[in-house]
Each structure stands twice: as structure tokens, then as C-alpha cells.
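Descriptive structure summary
Listed below, chain by chain, are the residues.
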Amino acid sequence: MFSLLTQYILFPSSKPAAPAPEKGSVAQGLMESADAQAGRDPRHAAELRYAALAALRTTR
């Protein structure tokens, strides 16, 4: 019982191992952020998509 209680108390303070960062483009990161924001703030998501498209235009 004590072990279970200890795990319950310590669980929020433990952090999972961070995944290795993947090399991605700026546009890809902006699009992923836009997808994450789409449900909460559609205007901000549209701004992020516009910025991603602008980044793609400048790299070509």
C-alpha cells in the first residue's frame, strides 16, 4: 500500500524522457502549430498557415 501511495505522490513530478528533436523546416513547424491551434483560435491558426506559406515562398 505504501508503494502505491509513493508512486501516486511522485508521479506528477516525474518527467518522461524527451524525444530526440527531428529536423524539420520552419514551414512544417508553423503548420503543425496551426493544426494544434485550429480548435481553440481559428484566427491564430490562419495567421500561422499564412506565415508557413510565406516561409515556403522565400525558400524557393
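What comes next is a walk through the structure. What you see is a predicted model; the values in this text were computed from it and never measured. (Residues numbered from 1 in each chain as written. Predicted model: local features only at pLDDT ≥ 70, side-chain atom pairs only at ≥ 80, totals over all residues. Heavy atoms only, no water.)

Section: the overall build of the protein
What the protein contains, in helices and strands, is 3 helices and 0 strands. Reading the secondary structure of the protein in the N-to-C direction produces α-α-α. Residue burial in the protein is summarised as follows: out of 60 residues, 12% are buried. Roughly 5,500 Å² of accessible area belongs to the protein as shown, and the carbon and sulfur atoms make up 64% of that amount. (Helix = DSSP H or I, 4+ residues; strand = E, 2+ residues; numbered from the N terminus. Buried < 20%, exposed > 50% of the residue type's maximum accessible area, 1.4 Å probe, protein only. Areas by Shrake-Rupley, 256 points an atom, 1.4 Å probe, with all protein chains shown as cover.)

Describing a nonpolar patch on the surface
Judged by side-chain polarity, M31, L53 and L56 come together as a nonpolar surface patch covering roughly 220 Å² of accessible area. In this fold, L53 is placed in helix 3 (residues 42–59). Relative accessible area serves as the criterion here: at 41%, L53 is assigned to the partly exposed category. (Patch = residues over 30% accessible without salt bridge, like charges linked within 9 Å, V, L, I, M, F, W, Y side chains within 5 Å. Salt bridge = Lys/Arg side-chain N within 4 Å of Asp/Glu carboxyl O.)

Quick word on the nonpolar core
Counting 7 residues, the largest nonpolar core consists of A27, L30, A34, A45, L48, A52 and A55. Elements with a minimum of two residues in this core: helix 2 (26–37) and helix 3. The leading source of residues in this core is helix 3, at 4 residues. If near-sequence neighbours (up to four positions away) are discounted, A52 is found in contact with A27, L30 and M31. (Core = buried A, V, L, I, M, F, W, Y, C linked by side-chain atoms within 4.5 Å. Contact = heavy atoms within 4.5 Å.)

A short note on the pattern of salt bridges
In a structure, side chains of opposite charge can pair up when their charged atoms sit close to one another. The full count for this structure, using the stated rule, is 1 salt bridge. As a salt-bridge pair, D35 and R49 come within 3.5 Å of each other at their nearest N and O atoms. Separated by 14 residues along the polypeptide, D35 in helix 2 and R49 in helix 3 bring together distant segments of the chain. Look at D35 and you get exposed, because its relative accessible area is 54%.

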